[in-house]
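So you can see what is in the structure, the chains are spelled out below.
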Amino acid sequence: MLGGATVLLGVAAAPAQAAEVAYATECVPPAISGLPPVQGTTKVEITAPAEAKVGDEVEIVWKFVQAASKNPNILDLGQDTVQPTGTLKAAGAQTADIAMEGPRRNPPIPKNSDMKLSDMKGRLKLTAPGEVSLTPGAYNINVNKPISTDTKCTPKESVQKAATIKVTDGGGGPGGTTGGLPTVVPTLPTSVPTGLPTGLPTGTSSPSSPAPSGSGTGGGDTGGTSTGGGDGGQTDFTGKEVQVPYKCKTPIGDKEATSPVQINAKKDGGSFDLTVQFKKSVMDSPADIPKDSVKPSMEVALGGADKGTVHVEGPTNSEAIKAGDPIEIPDLTGTYKPGASGESTLSPGVLTIEALGTTTTCTPAKTEVSLTLDTSEQASGASGGGSTGGSAGGSAGGSATDGGLAATGTEDRGALKALGLVAGTALLLGGAVFTFMPGRRTR
């Protein structure tokens with residue numbers, strides 16, 4: 001105890017020095033944002049003891065006078081959601097990479113305003129007499145809401161030393177090169193994730209599938225056909241895979257993408273159990289997606305003899321999905337109760353994605369018929385309205401008619417809208433998200 005107190009007293013007695021240094025910096029936003037690298041100037045102030053002895057463990061403070069980039073004009077950052085980490089280089093009498101870390105403490109940061117980063121601290125155990133220079137290096141900014149993302153900032157020029165500690169031989173034994181914090185620093189981000197990708201899957205169409213050709217009503221292409229009706233014969237009907245061009249409204253502008261979709265049906269009395277499949281594409285999640293945070297649904301469009309829509313929906317993701325892990329696209333299911341007798345067509349319709357407190361709707365640019373069924377009119381059937389029997393409960397929020405964005409009323413919807421939209425669309429649409437993520441390609 002006395003020995004430790006002596007060390008601490010020795011450090012406390014040494015006068016502190018603070019020096020500011022500025023350096024050109026490149027900050028790379030998270031891939032999910034779709035934003036290009038930002039060039040800027042970082043200004044930091046390093047505070048450390050002017051003198052100390054071998055064996056002392058000194059505390060060093062890194063204060064951000066100015067971060068290299070602002071919070072982009074995408075979303076507001078909430079209080080205490082931003083945490084900086086970084087690396088301070090020690091050179092001269094001893095060399096070390098000193099891990100610096102600040103608390104997750106910040107005021108609310110409006111979009112398009114200066115980043116407010118907490119002071120970072122680190123410790124260095126002095127092992128040799130002489131002068132030890134301290135030079136700031138790369139740093140990272142982590143934002144943990146609505147999903148965890150990092151912005152990495154690295155110097156683009158030789159950085160001047162910000163402080164020097166004069167170390168005298170205090171007779172202490174050799175210690176480690178660094179103190180309490182780890183010496184290896186995580187890759188460092190420094191800006192906030194912003195705009196979020198919202199593209200729809202581009203998937204590869206089945207080689208055996210004929211090219212889709214729907215007209216505005218679906219009458220020009222009958223898709224998969226059935227011999228159903230009331231004859232008690234065939235019960236399983238497989239639709240054809242069609243390429244559906246979607247138009248979506250997003251916080252970062254209008255987006256368009258094409259997604260491969262297939263509608264299948266199983267006859268159950270006079271009704272049909274529907275399964276809508278987004279054909280799987282090989283892709284990895286562009287960001288961490290929390291458990292039970294994404295839920296897809298669709299209004300299947302009816303044509304031919306019948307009119308209206310059928311609501312189908314998929315389950316939320318049952319497990320959290322880590323960035324880089326493969327994404328499985330869920331099937332959407334619901335029950336179709338015919339409202340007319342004759343040949344009725346089924347086409348992928350308005351797609352709704354609920355993600356992290358937001359609702360996004362995407363509207364097909366044209367009708368593509370996937371399946372045609374022989375139907376018999378049922379009491380309270382669809383004709384002209386919605387068919388929502390069986391597993392098709394109510395739509396999970398938002399309008400399914402205008403292709404716009406609907407708020408769900410959550411307190412965080414303003415901050416969540418962009419990133420939630422991205423994560424949700426990525427999960428549902430699979431490979432097509434790469435259409436809007438520079439530098440990524442489907443495999």
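Here the structure is a predicted model, which is why all the values come from computation and not from measurement.

### Remarks on the overall build of the chain
Looking only at helices and strands, the chain has two helices and 25 strands in total. Within the chain, contacts between residues at least 6 apart in sequence are counted, and of these 77% link residues at least 24 apart. For the chain, the exposed surface amounts to about 18400 Å²; the carbon and sulfur share of it is 50%.

### Details of the pattern of salt bridges
Under the counting rule described, the total for this entry stands at six salt bridges. A salt bridge links Arg-123 to Glu-57; its shortest N-O distance comes to 3.1 Å. Taken as a pair, Arg-123 in strand S9 (residues 120-125) and Glu-57 in strand S4 (residues 57-66) lie far apart in primary sequence, 66 residues in all. Looking at Arg-123, the relative accessible area reads 24%, which means it is partly exposed. In this structure, Asp-97 and Lys-89 form a salt bridge, with 3.0 Å as the shortest nitrogen-oxygen distance. With relative accessibility at 32%, the residue Asp-97 sits in the partly exposed group. Beyond isolated ion pairs, a larger network of salt bridges with shared partners links Glu-57, Glu-59 and Arg-123.

### A look at unusual backbone geometry
For Asp-80, which is not glycine, the phi torsion reads 55 degrees and is therefore positive. Considering the arrangement of structural elements, one finds Asp-80 in the loop between strand S5 (70-71) and strand S6 (82-92). Classification of Asp-80 as partly exposed rests on a relative accessible area of 34%. Even without a glycine there, the phi angle at Asp-292 is positive, about 55 degrees. The topology assignment puts Asp-292 in the loop between strand S16 (271-278) and strand S17 (294-304).

### Concerning the environment of Gly-86
Position of Gly-86 relative to the elements: it lies in strand S6. A sequence separation of 66 residues divides Gly-86 from Lys-152, and the C-alpha atoms of the two residues are 9.6 Å apart.

### Regarding the state of the cysteines
Summed over all chains, the structure comprises one disulfide. Cys-27 shares a disulfide with Cys-153; S-S distance 2.1 Å. Taking the sign of the S-S torsion, about 115 degrees here, the bridge from Cys-27 to Cys-153 comes out right-handed. Of this pair, Cys-27 sits in strand S1 (residues 16-28) while Cys-153 sits in strand S11 (residues 149-155), placing them 126 residues apart in sequence.

### Details of the environment of Gly-269
Within the fold, Gly-269 resides in the loop between strand S15 (253-268) and S16. Among the residues examined, Gly-269 registers a relative accessible area of 54% and is labelled exposed. Residues Gly-269 and Lys-337, 68 residues apart in the sequence, show an inter-C-alpha distance of 9.8 Å.

### A closer look at the nonpolar core
Core analysis: the largest hydrophobic core is formed by 39 residues, its most contacted members being Ile-46, Ile-60, Trp-62, Leu-124, Leu-134 and Tyr-139. For this core, the secondary-structure elements that each account for two or more residues are S1, strand S2 (38-49), S4, S6, strand S7 (96-101), S9, strand S10 (130-143) and strand S12 (163-168). Considering every element that reaches this core, the biggest residue donor is S10, with five residues. If sequence neighbours within four positions are ignored, Ile-46 has contacts with Gln-17, Ala-18, Ala-19, Ile-60, Val-61, Trp-62, Leu-88, Leu-134, Pro-136, Ala-162 and Ala-163. In this structure, Leu-274, Met-298, Leu-373 and Ala-382 belong to the second largest nonpolar core, which totals 30 residues.

### Some thoughts on the packing of aromatic side chains
The final tally for this structure, using the stated rule, is five aromatic pairs. On the basis of an interplanar angle of 65 degrees and a centroid distance of 5.0 Å, the ring pair of Phe-64 and Tyr-139 is categorised as edge-to-face. On the criterion of sequence distance, the pair formed by Phe-64 in strand S4 and Tyr-139 in strand S10 is long-range, its members being 75 residues apart. Here Phe-64 matches Tyr-139 in class, with each residue buried. The structure contains a cluster of three or more aromatic residues connected by ring pairs, namely Trp-62, Phe-64 and Tyr-139.

### What to know about the pairing of strand S20 (residues 342-347)
Note that S17 and S20 share four bridges and pair antiparallel. Paired with Gly-303 across the two strands is Thr-345, which belongs to S20. Note that S20 and strand S23 (residues 371-375) share five bridges and pair antiparallel. Its bridge partner being in S23, Ser-344 is matched across the sheet by Leu-373.

Procedures and definitions
Residues numbered from 1 in each chain as written. Predicted model: local features only at pLDDT ≥ 70, side-chain atom pairs only at ≥ 80, totals over all residues. Heavy atoms only, no water. Helix = DSSP H or I, 4+ residues; strand = E, 2+ residues; numbered from the N terminus. Contact = heavy atoms within 4.5 Å. Areas by Shrake-Rupley, 256 points an atom, 1.4 Å probe, with all protein chains shown as cover. Salt bridge = Lys/Arg side-chain N within 4 Å of Asp/Glu carboxyl O. Buried < 20%, exposed > 50% of the residue type's maximum accessible area, 1.4 Å probe, protein only. Disulfide = S-S within 2.5 Å. Core = buried A, V, L, I, M, F, W, Y, C linked by side-chain atoms within 4.5 Å. Phe/Tyr/Trp six-rings, centres within 6.5 Å; stacked < 30°, edge-to-face > 60°. Pairing = 2+ DSSP bridges.

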